[in-house]
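Observations on the three-dimensional arrangement
Each chain, letter by letter, is given below.
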Amino acid sequence: MKHVDILIVGAGIAGLRTLYSLRKDGFDVRVVEASDELGGVWNHNRYPGARCDVESYDYSYSFSPELEQEWTWTERYPRQPEILSYLNHVADRFDLRRDITFNARVASADYDEVGAKWVVAFEDGAAMTCRRLILCLGQLSAPKTPEYPGQELFRGETIVSALWPRRDVDFRGKRVGIIGTGSSGMQMTPVIAETAERVTVFQRTANYSVPAANAPLTADEIRDVKAHYAERREMTRNSPTGLGFQPGKVKTLDVDPDERERVFEAAYNRYGFGFALAYPDILLDPEANAVASDFLRRKIGERVSDPEVRAKLLPVTHGFGTRRPTVDSGYFEAFNRDNVDLADIREAPITEFTETGIRTTEKDYPLDLIIYATGFDALTGALLKPRITGRDGQTLKEKWAQGPITQLGLGTAGFPNLIIVGGPGSPTVLSNVMVSTELQVDWLTELLKTLRDEEIAEIEVTPEAEQAWNAHVAERVSETLYMTADSFYNGGEVKGKPRVFMPYSGGVRHYRRLLEKCAADGYAGFALRKAPLAKTAEVQDAR
Ligand code: NAP
């Protein structure tokens with residue numbers, strides 16, 4: 001069976017970066033990717049209007065100053081095709097493709113305790129072994145598709161936004177139904193509305209959004225970023241979210257209303273997600289959150305002309321930021337068009353699909369195309385898809401049945417030589433993933449060098465460390481308002497999923513310090529063994 005020292009699963013942002021770093025440090029490393037193309041979510045989410053809501057110059061790799069200078073982004077918030085071109089450019093520029101096997105979807109991975117290696121099987125029947133297995137599977141990469149009675153009857157076309165086909169979808173003359181009003185639904189609605197005959201947005205929960213204030217980047221802006229890139233990177237690394245913003249110092253309710261209005265207005269018009277940091281307590285104090293939520297509701301109201309539609313679009317079920325808000329480009333204004341309708345399916349739920357469209361308790365919506373923009377089984381969905389079996393035949397699914405448990409988000413006890421990038425328990429979806437990913441990859445590269453230098457056969461999270469880390473993750477989130485709403489952060493919106501807050505809310509900057517401390521303390525919380533535990537146990541038994 002083919003063997004490689006380190007196997008990386010996934011050729012998205014994290015997998016490409018891990019490959020680059022490990023190969024540079026002389027490791028025998030290979031990437032396997034299920035798709036026939038690299039790019040991860042940016043390969044799959046090709047829906048119209050797909051765009052990153054982190055600024056382009058911050059949503060890019062920091063490992064190569066030459067790359068930083070060579071690549072020029074065209075817009076403040078990059079569109080999906082531009083990000084995919086960038087990732088392809090990186091792969092070509094650093095000759096990464098030669099170490100990537102495409103069309104290789106992992107079906108299972110079994111840990112061989114005696115040999116201290118993973119046996120990885122693919123859906124096409126192929127198999128290989130590796131000493132260390134690194135999962136770079138993404139946080140929002142296992143799409144959900146809701147089940148409604150009669151779905152199979154619908155005679156029109158259905159598309160899942162996160163599995164968008166690689167062809168032009170022509171909306172002209174079509175009546176399009178979009179289910180879901182998260183980032184995906186909000187981004188595609190105004191774009192599809194430009195050509196479709198009619199767009200109906202099926203909204204279960206009204207969502208907060210801050211306008212993107214997107215614009216082409218000017219030559220001056222580009223020159224300025226490139227001239228000061230190192231400082232910009234330092235700022236993002238030292239910010240709590242990896243977006244470069246520092247939270248305001250004064251509390252929301254400690255300023256007079258006029259001043260607060262001015263600060264909110266400025267943040268709203270320019271900073272996208274940065275709005276949440278206009279004051280330091282917006283996601284911590286219910287009263288502060290209520291004031292910020294009121295401001296945003298007012299802003300949404302100003303963008304919609306029809307009073308009935310406006311009322312339905314105002315988010316009232318949760319406070320701003322407790323679920324993932326959106327940074328949009330013309331979403332609310334789209335409802336001012338004659339060809340865009342809102343179906344409030346909280347008020348009048350979908351009862352079934354019919355041959356010709358969607359039926360709610362209120363009426364029938366005739367449709368030619370239905371788009372599911374219904375989100376993802378976040379953070380654990382993709383990790384639990386392959387059957388991963390660790391020590392004593394325990395699967396990762398069994399181990400995480402009550403929710404994921406990790407040491408620093410990087411690994412879990414009972415699964416030696418398995419490393420997760422962007423896993424639950426790390427800042428991931430609460431941060432600029434580019435920053436938190438690179439932070440983890442740099443850290444794990446040093447870890448793997450240590451393992452190589454010290455001839456460590458097996459590294460494994462200790463049960464005590466993961467208990468302590470999960471307790472810390474839970475303690476940090478208890479200081480916030482995140483658990484006041486069901487969200488993809490806490491699994492509350494996936495039926496049957498344990499309701500546990502999964503990402504680390506302590507911030508990227510603090511997380512980096514914890515990683516540094518862990519390494520300085522000899523990789524505290526990880527057992528490093530020169531011989532596999534199974535062999536050691538056998539030797540001890542023989543004595
Ligand atoms: P999402 O934020 O989870 O939104 C899913 C939407 O589908 C919600 O409105 C949800 O309603 C609705 N929904 C789910 N199940 C439903 C059902 N059975 N019936 C009716 N409605 C249902 O998913 P997303 O929009 O794909 O975005 C996910 C995340 O991906 C984003 O938050 C972001 O982190 C990332 N993303 C980023 C970008 C970007 O960078 N610009 C773009 C797209 C996605 P409820 O609210 O009632 O649950």
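Residues numbered from 1 in each chain as written. Predicted model: local features only at pLDDT ≥ 70, side-chain atom pairs only at ≥ 80, totals over all residues. Heavy atoms only, no water.

**Here's the deal with the overall build of the protein chain**
Cut-off, in case you're wondering: Going along the chain from the N terminus, every DSSP run of H or I of four or more residues is numbered as a helix, and every run of E of two or more is numbered as a strand. As defined in this context, the radius of gyration uses C-alpha atoms, and a globule is described by 2.2 Å times the residue total to the power 0.38. We call two residues in contact whenever any of their non-hydrogen atoms come within 4.5 Å of each other. In this tally, Asp and Glu contribute negative charge and Lys and Arg positive charge; neither His nor the terminal groups of the chain are included. Think of each charge as sitting on NZ of Lys, CZ of Arg, CG of Asp or CD of Glu.
Across its full length, the protein chain carries 16 helices and 20 strands. Expected size for 543 residues packed as a compact globule is a radius of gyration near 24 Å; at 24 Å, the protein chain falls within 12% of this value. With the C-alpha coordinates aligned to their principal axes, the bounding extent of the protein chain is approximately 80 × 55 × 45 Å. Contacts spanning at least 24 positions in sequence make up 72% of the contacts within the protein chain whose residues lie at least 6 apart. Each charge sign in the protein chain was given a centre, from 66 positive and 79 negative side chains, and these centres are 2 Å apart.

**Considering the domain arrangement of the protein chain**
This is how it is decided: Domain start and stop positions are those given by an automatic or database domain assignment. The buried area of a pairing is the accessible area, by a 1.4 Å probe, that goes missing from both parts when the two are put together, added over both. Each reported salt bridge corresponds to a side-chain nitrogen of Lys or Arg within 4 Å of a carboxyl oxygen of Asp or Glu. Between N or O atoms, a polar contact is any pair within 3.5 Å; within protein, one atom must be a potential hydrogen donor and the other a potential acceptor, and residues adjacent in sequence are included only when both atoms are from side chains. The residue classification treats Ala, Val, Leu, Ile, Met, Phe, Trp, Tyr, Cys and Pro as nonpolar and Asp, Glu, Lys and Arg as charged. All others, Gly included, are polar.
Partitioning the protein chain into domains gives domain 1 (2-141 + 378-542) and domain 2 (239-304). The straight-line distance from the C-alpha centre of domain 1 to that of domain 2 is 32 Å. Each side of the interface is counted separately: domain 1 has 17 residues, and domain 2 has 16 residues. When the two sides are added together, the surface that domain 1 and domain 2 hide from each other amounts to roughly 1200 Å², 52% of it contributed by carbon and sulfur. Three residues stand out in domain 1 for area buried against domain 2, namely R76, L481 and R509, and they jointly supply 41% of the buried area on that side. The tally of links from domain 1 across to domain 2 stands at one salt bridge. A salt bridge links E55 to R270, with the nearest nitrogen and oxygen atoms 3.4 Å apart. Our count for the domain 1 to domain 2 interface comes out at six residue pairs in polar contact (both at pLDDT 80 or more). Each residue belonging to the side of domain 1 that touches domain 2 can be placed in one class, and the counts come to seven nonpolar, four polar and six charged.

**Let's talk about helix α8 (residues 257-270)**
The criterion, for reference: Given a helix with a known number of residues, its expected span is that number minus one, times 1.5 Å. For the exposure calls, accessible area comes from a 1.4 Å probe over protein chains only, and a residue counts as buried if that area is under 20% of its type's maximum, exposed if over 50%, partly exposed in between. The arc in question is traced by the directions running from the helix axis to the C-beta atoms.
The first and last C-alpha atoms of α8 sit 20 Å apart over 14 residues, in line with the 20 Å expected at 1.5 Å per residue. Along α8, the residues that are buried comprise R260, V263, F264, A267 and Y268. In a view along the axis of α8, the buried residues occupy a sector of 130°, so they form one face of it. Facing away from the buried side of α8 by more than 90 degrees, the exposed set consists of D258 and R262. Of the surrounding secondary structure, the elements contacted by the buried residues of α8 are β10 (209-211) and α9 (286-303). Taking the backbone nitrogen of D258 as reference, a side-chain oxygen 3.0 Å away marks D256 as the first, capping residue of α8. At the exit of α8 stands G272, carrying a positive phi of roughly 55°.

**Re the packing of helix α14 (residues 463-478) against helix α15 (residues 508-520)**
Filter applied, for reference: Note on geometry: axes are C-alpha line fits, over the in-contact stretch for helices, and angles between N-to-C directions span 0 to 180 degrees. For classification purposes, an angle smaller than 35 degrees is called roughly parallel, one larger than 145 roughly antiparallel, one from 65 to 115 roughly perpendicular, and anything else oblique. A crossing counts as left-handed when the near helix is turned anticlockwise from the far one by less than a right angle, and as right-handed when that turn is clockwise.
The contact between α14 and α15 brings their axes to 14 Å, and the two run at 160°. It follows that α14 is roughly antiparallel to α15 by the angle criterion. The handedness of the crossing between α14 and α15 comes out as right-handed. Residue-level inspection shows W469, H472 and R476 of α14 in contact with α15, the latter providing H510, Y511 and L514.

**Some thoughts on the nonpolar core**
Note that soluble globular proteins tend to have their nonpolar side chains buried in a common cluster. Put simply, the rule reads: By convention a nonpolar core is built from buried Ala, Val, Leu, Ile, Met, Phe, Trp, Tyr and Cys residues, the set being connected through side-chain atoms within 4.5 Å.
Membership of the largest hydrophobic core comes to 71 residues, with the highest contact counts inside it found for I8, Y59, Y61, L87, I134, W443 and L448. Here this core spans two domains, and each of domain 1 (2-141 + 378-542) and domain 2 (239-304) adds at least three residues to it. Among the nonpolar cores identified, the runner-up in size contains 27 residues, and V176, M186, V304 and V309 belong to it.

**Here's the deal with the pairing of strand β12 (residues 340-344)**
Formally: The rule for pairing is simple: two strands pair if DSSP sees at least two bridges between them.
Among the five residues of β12, four are classified as buried, and the element is accordingly described as predominantly covered. Relative to β12, strand β9 (residues 198-203) runs parallel, the two being bridged by five bridges. Pairing of F202 across the sheet is with A343, part of β12.

**Brief notes about the sheet that holds strand β16 (residues 369-372)**
One open sheet holds the five strands; their spatial order is β7-β16-β8-β9-β12, and the pairing between them is parallel. Each having just a single partner strand, β7 (157-160) and β12 make up the two edges of the open sheet. In this sheet, neighbouring strand axes are inclined to one another by 20° on average, regardless of whether the strands run parallel or antiparallel. Across the sheet, helix α5 (residues 183-193) touches β8 (175-179), β9, β12 and β16, and the angle it forms with β8 is around 170°.

**So, the layout of surface pockets**
The line we're drawing: With a 1 Å grid spanning the protein atoms alone, the term cavity applies to any set of points in which a 1.4 Å probe fits but cannot get out, the term pocket to an open set with protein on both sides within 12 Å along at least five of seven lines, and the term lining residue to any residue with an atom within 4 Å of a point. Grid points are joined across faces, edges and corners, and a volume is the space filled by probe spheres set on the points.
By volume, the second largest pocket amounts to about 450 Å³. E55, L243, G244, F245 and Y271 are the residues nearest the centre of the second largest pocket, which is lined by 23 residues in total. Looking at the lining of the second largest pocket, the elements that each hand over two or more residues are α7 (229-237) and α8. Here the element with the most residues in the lining of the second largest pocket is α8; it accounts for four residues.

**What about the site of the ligand?**
Rules: When we say a residue is near a molecule or strand, we mean one of its heavy atoms is within 4 Å of it. All accessible areas in this document rest on Shrake-Rupley with a 1.4 Å probe, and a residue is counted as covered only by the protein chains that are shown.
R51, Y148, S184, T205 and R323 are the nearest of the 25 residues found near the ligand. S184 is positioned such that a nitrogen or oxygen atom in its side chain is 2.6 Å from an oxygen atom of the ligand. One of the side-chain N or O atoms of Q187 is found 2.8 Å from a nitrogen atom in the ligand. Taking 910 Å² as the accessible area of the ligand by itself, protein coverage stands at 89%. Counting residues per element, the shell around the ligand draws most heavily on α5, which supplies three residues.

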